[in-house]
Amino acid sequence: MSTVVERQTPGRYARLMTTLLRETLRLDVWVNRLYPTDFNPLYYTGGLSNLFLFTLVLSGIFLFFYYDASLGEAFASVQYITDRVPYGGIVRGVHRYAADGFIVAILLHLLRNWFTDRHLFARDNPWISGMFLLLFGGFIGFTGYQLVWDERALTRLFIGGLGISDGTLVRILFLHIGPATALYAFLWWHYVRLRHPKIWPPGVWVLFCVGLVFLLAGVVPMTRETIPAAAPAAHPTSFPMDVFFLIPFWLLNFLPAGVVVLLLVALFVGGLAIPYASRRETPVEMGVRHSGVAQVIDGNCTGCELCYYDCPYNAIVMVPSPGHRSLLAVVIESRCVECGICIGACPFEALELPKFLERDVLRQVAEALRPGSGQAVRA
Amino acid sequence: MTQVPKVIGFICDWSVDLKPLSDGGRLRELPNVRVVQVPCSGFVRPDWLEEALNRGADGVFVTGCPYGDCLNREGNFLMRDRIDQLQRRLQRRKVDTARIGMLAFGLHDGAAFLAEVKAFVDRIAVLPPAQPARTAGRPAVAQPAGTPEGERT
Amino acid sequence: MRTVYTMGVALLSGLSLLFAVGIIYGEATDQWFLGGGSVGALLIAYSFIVLLLRKMGMTGPRKTER
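Residues numbered from 1 in each chain as written. Chains lettered and ligands numbered in written order. Predicted model: local features only at pLDDT ≥ 70, side-chain atom pairs only at ≥ 80, totals over all residues. Heavy atoms only, no water.

## A word on the overall build of chain C
Put simply, the rule is: Numbering of helices and strands starts at the N terminus; helices are DSSP runs of H or I of at least 4 residues and strands are runs of E of at least 2. Any two residues whose heavy atoms approach within 4.5 Å are treated as being in contact. All accessible-area figures derive from a Shrake-Rupley calculation using a 1.4 Å probe, and residue coverage is judged against the displayed protein chains alone.
When helices and strands are tallied, chain C shows two helices and zero strands. Long-range pairs, those at least 24 residues apart, make up 49% of the contacts in chain C between residues at least 6 apart in sequence. When the accessible surface of chain C is totalled, it reaches about 4000 Å², and 72% of it is carbon and sulfur.

This is the structure we're talking about:
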């Protein structure tokens, strides 16, 4: 960090990202005054997204029992859920507000990990899979609004065949639930290179978020928005807008449809390019944080697996050691983020960061302890 | 203890901003504290802390990011556990656990960091002079630099 | 500070009792939105109780930050 601040790159992107990094961490200072660090919600944005997703799955299963995917019955079944089924309106509200919370938590997660450089180098796997999770999340929200089959649903997408029929709603129902299932496949991809992914927020935030969703469902019930049922001939001119999922349709007020589609595609592709397009700091500016991929000193490795258990990015695998009965640690270079945690884990001096060796550290220690050492040399 | 204790701090490059605090590898306000910048607090091998105590340091501490906010996800948690183990190990050799510390401070926590280091140094200053942690097999006094210590690897 | 936290916990406990009554009342009179909303308010009150207990040091991880 301090190396960053010392040698500032003149690039505008670099300066902007450094400012954003500093302000993100300043926000943490404020949140940490209110909440202890193990309760800080900004450290658990990914877990919060997962919590909302879990809430969505549970309430979605409930709604699925009552939903009727046919033209005549879809809107009526939604009304039946809201008015007749005990607490059906609450569950419908939970499903809707948890979806909003899901998108908010995902965006917080994205921005925080972007601003704090957690998307760079070997950490790009969660970023790329996260872009797909965001894309699918937005798409699922959109099909969810179509399922209600009120006038808001008449956006004339995924019609299929010659016109709107029962098959249309079945198709949309599949396009709602199928990608939602696929989210869990993407989540596997998201977690695959993380040793202990933080997939659940602290209890205080589980209580708060579930509580907030229920409170909103009770205080701002879904029946407040009275939107008439969709009729094939209707041309709705205005309807209540959801900020998080229907923004592209709001943009249709000002831009032609092709431009909106192009904008979405550009956002997605640009998001995929973010870890590779530009960096906040050059490798030289990273200083000690760029000390090269960890190297195993084969003769010292005893195959004790300590580094394997501690590596946060699953970059170390244990392979059978040739000629011995023990194992041997091997660093997968494409996964290593050069943090050096394995060096601290190894009691046998079998791992080194090539540009910051153990003897460099011990030299600094010796210099510090030499009697009368005034001006110490920096590494 | 009459003289100022010599303290070595291993400080994560991503945690507290050392630019306004340090000068030539030493804290400006506490010149007896030598800082060694490391890529992550988890990089520090507990052996090095023990080594520093053996060579005559009065105290060692490691500073990482706030718990939960490690850039490398869990380096500070791992280091906290390792420090706990080291404290237990050295306690059996009659080394006071106050000589080994784990701190966690973010980029903007410079003032709190300094206060904590000051408290750490004050705790050490009142302790009786350090006994060498490892009494047998190895000279406990500070060795001149360039001894085969670093050549082992 | 501890007394402030204790008073906060007591206050939130009273509020939670109120919300619990709201759940039962909503259920008894078939006002489902009132009942469901009270569930949410109750959970939020619980979350702040947990936060206060954590700040008092009565709950939370075994090794708190040092």
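Still more to cover.
## What to know about the overall build of chain A
Note the cut-off: In this scheme, a residue with accessible area under 20% of its type's maximum is buried, one over 50% is exposed, and one in between is partly exposed, where area comes from a 1.4 Å probe on protein chains only.
Of regular secondary structure, chain A possesses 13 helices and four strands. The buried share among the 379 residues of chain A stands at 51%. Taking as baseline every contact in chain A between residues at least 6 positions apart, the subset at least 24 positions apart corresponds to 73%. For chain A, the computed accessible surface area is about 17900 Å², with 68% contributed by carbon and sulfur atoms.

## Describing the layout of surface pockets
This is how the line gets drawn: Detection works on a 1 Å grid of protein atoms alone, calling trapped sets that fit a 1.4 Å probe cavities and calling open sets with protein on both sides within 12 Å along at least five of seven lines pockets, with lining residues defined by an atom within 4 Å of a point. Grid points are joined across faces, edges and corners, and a volume is the space filled by probe spheres set on the points. Throughout this entry, Asp, Glu, Lys and Arg are counted as charged residues, while Ala, Val, Leu, Ile, Met, Phe, Trp, Tyr, Cys and Pro are counted as nonpolar. The remaining residues, Gly among them, count as polar.
In this structure, the second largest pocket occupies an estimated 1100 Å³ of space. Contributing to the lining of the second largest pocket are 50 residues, with Tyr43(A), Gly46(A), His109(A), Lys198(A) and Arg73(B) lying nearest its centre. Looking at the lining of the second largest pocket, the elements that each hand over two or more residues are α3 (45-66), α5 (88-115), α6 (124-147) and α7 (166-191) of chain A together with α2 (75-91) of chain B. Tallied by class, residues from the lining of the second largest pocket come to 24 nonpolar, 14 polar and 12 charged.

## Digging into the interface of chain A and chain B
Quick reminder of the rule: The term buried area refers to how much accessible surface (probe radius 1.4 Å) is lost by two components on association, counted for both of them together. A carboxyl oxygen of Asp or Glu within 4 Å of a side-chain nitrogen of Lys or Arg is what we treat as a salt bridge. Any pair of nitrogen or oxygen atoms within 3.5 Å is treated as a polar contact; in protein, a donor-acceptor pairing is required on top of that, and neighbouring residues in sequence qualify only through side-chain atoms on both sides.
On the chain B side, the residues contacting the 64 residues of chain A number 52 residues. Contact between chain A and chain B buries roughly 5100 Å² in total, counting both sides, with carbon and sulfur atoms accounting for 55%. The closest approach of N and O atoms between Arg118(A) and Asp69(B), which form a salt bridge, is 3.1 Å. At the junction of chain A with chain B, the criterion picks out 18 residue pairs in polar contact (both at pLDDT 80 or more). Elements with a contribution of two residues or more to the side of chain A that touches chain B: α1 (2-6), α2 (12-34), α12 (341-345), β4 (351-352) and α13 (358-369) of chain A. Here the side of chain A that touches chain B gets 10 residues from one element, more than from any other, and that element is α13(A).

## Thoughts on α7(A)
Note the cut-off: Take the residue count of a helix, subtract one, and multiply by 1.5 Å to get its expected span.
For α7(A), which comprises 26 residues, the first-to-last C-alpha distance of 38 Å matches the rise-based estimate of 38 Å (1.5 Å per residue) to within 8%. Looking at the packing, one finds that the buried side of α7(A) touches α3, α4 (74-83), α5 and α6 of chain A.

## Here we look at the UniProt feature "transmembrane region" (unreviewed entry) in chain A
All names here are of chain A. Rule in force here: UniProt positions are given in the numbering used here, feature names are shortened, and annotations may be inferred rather than shown by experiment.
What UniProt calls "transmembrane region" (unreviewed entry) maps, in this numbering, to residues 42-67, 97-115, 127-149, 169-192, 204-223 and 243-276. The distance separating the terminal C-alpha atoms of residues 42-67 is 36 Å; by composition the span is 85% helix and 0% strand. Structurally, residues 243-276 is divided into 74% helix and 0% strand, and its ends, taken at the C-alpha atoms, are 30 Å apart.

## Side note on the environment of Thr82(A)
All names here are of chain A. Looking at where Thr-82 falls in the secondary structure, it is placed in helix α4. With relative accessibility at 3%, the residue Thr-82 sits in the buried group. Taking C-alpha positions, Thr-82 is 9.0 Å from Gly-93, a pair spaced 11 residues apart along the chain. Apart from residues no more than four positions distant in its own chain, Thr-82 is found in contact with Gly-88, Gly-89, Arg-92 and Thr-223. In terms of polar contacts, Thr-82 uses its side chain to reach the side chain of Arg-92, at 2.9 Å.

## Remarks on the pairing of strand β5 (residues 59-64) of chain B
All names here are of chain B. To keep it simple, the criterion reads: The pairing criterion is simple: DSSP has to find at least two bridges between the two strands. Look down the strands so they point away from you; if the path from the first strand over the helix to the second goes clockwise, the crossover is right-handed.
When you tally the buried positions in β5, you get six out of six residues, the bulk of the element. The side-chain alternation of β5 yields two buried faces, one formed by Gly-59, Phe-61 and Thr-63 and the other by Val-60, Val-62 and Gly-64. In terms of strand pairing, strand β1 (residues 7-12) meets β5 through five bridges, oriented parallel. Residue pairing for β5: Ile-8 is matched across the bridge by Val-60. Where β5 and strand β6 (residues 100-104) come together, five bridges link them in parallel fashion. When the bridges of β6 are listed, Val-62 appears paired with Met-102. Remark: the β5/α2/β6 crossover connection has right-handed handedness.

## Overview of the packing of aromatic side chains
Residues and elements named next belong to chain A. Going by this rule: Stacked, edge-to-face and tilted labels apply to pairs of Phe, Tyr and Trp rings (six-membered ring for Trp) whose centres lie within 6.5 Å, assigned for plane angles under 30 degrees, over 60, and everything in between, in that order.
Scanning all chains against the criterion turns up 21 aromatic pairs over all chains. On the numbers, 5.1 Å between centres and 45 degrees between planes, the contact of Tyr-35 with Trp-205 is tilted. Of this pair, Tyr-35 sits in the loop between α2 and α3 while Trp-205 is found in helix α8 (residues 203-219), placing the two residues 170 residues apart along the sequence. The exposure class assigned to Tyr-35 is buried, which follows from its relative accessible area of 10%.

## Considering the pairing of strand β4 (residues 33-38) of chain B
Residues and elements named next belong to chain B. Most of β4 is tucked away: six of the six residues are buried. The side-chain alternation of β4 yields two buried faces, one formed by Val-33, Val-35 and Gln-37 and the other by Arg-34, Val-36 and Val-38. In the sheet, β1 pairs with β4 via six bridges, with the strands oriented parallel. Within β4, the position partnered with Ile-11 by the bridge is Gln-37.

## Some details on the nonpolar core
One broad rule of soluble globular proteins: the nonpolar side chains tend to lie buried together. Applied cut-off: Buried Ala, Val, Leu, Ile, Met, Phe, Trp, Tyr and Cys residues that are joined via side-chain atoms within 4.5 Å together make up what is termed a nonpolar core.
Residues Ile8(B), Phe10(B) and Leu49(B) are the most contacted members of the largest nonpolar core, which totals 56 residues. For Ile8(B), the residues in contact, after removing those within four places along its chain, are Val365(A), Ala368(A), Leu369(A), Arg34(B), Val36(B), Ala52(B), Ala57(B), Gly59(B), Val60(B) and Phe61(B). Ala98(A), Phe142(A), Tyr145(A) and Cys209(A) belong to the second largest nonpolar core, which has 39 residues in total.

## Thoughts on the pattern of salt bridges
All names here are of chain A. Across all of its chains, the model carries 20 salt bridges over all chains by this definition. For Asp-28, the salt bridge goes to Arg-112, with nearest N and O atoms at 2.9 Å. Remark: Arg-112 occurs in helix α5 and Asp-28 occurs in helix α2; sequence separation between them is 84 residues. For Asp-28, a relative accessible area of 2% puts it in the buried group. The exposure class assigned to Arg-112 is buried, which follows from its relative accessible area of 7%.

## Here we look at the environment of Arg99(B)
Counting through the fold element by element, Arg99(B) comes out in the loop between α2 and β6. Separated by 50 residues in sequence, Arg99(B) and Leu49(B) place their C-alpha atoms 10.0 Å apart.

## Describing unusual backbone geometry
For Glu338(A), which is not a glycine, the phi torsion comes out positive at approximately 65 degrees. Relative to the assigned elements, Glu338(A) resides in the loop between β3 (327-331) and α12. The residue Lys94(B) is not glycine, and still its phi comes out positive at about 65 degrees. Following the sequence through the fold, Lys94(B) ends up in the loop between α2 and β6. Here Lys94(B) falls in the exposed class, since its relative accessible area comes to 68%.

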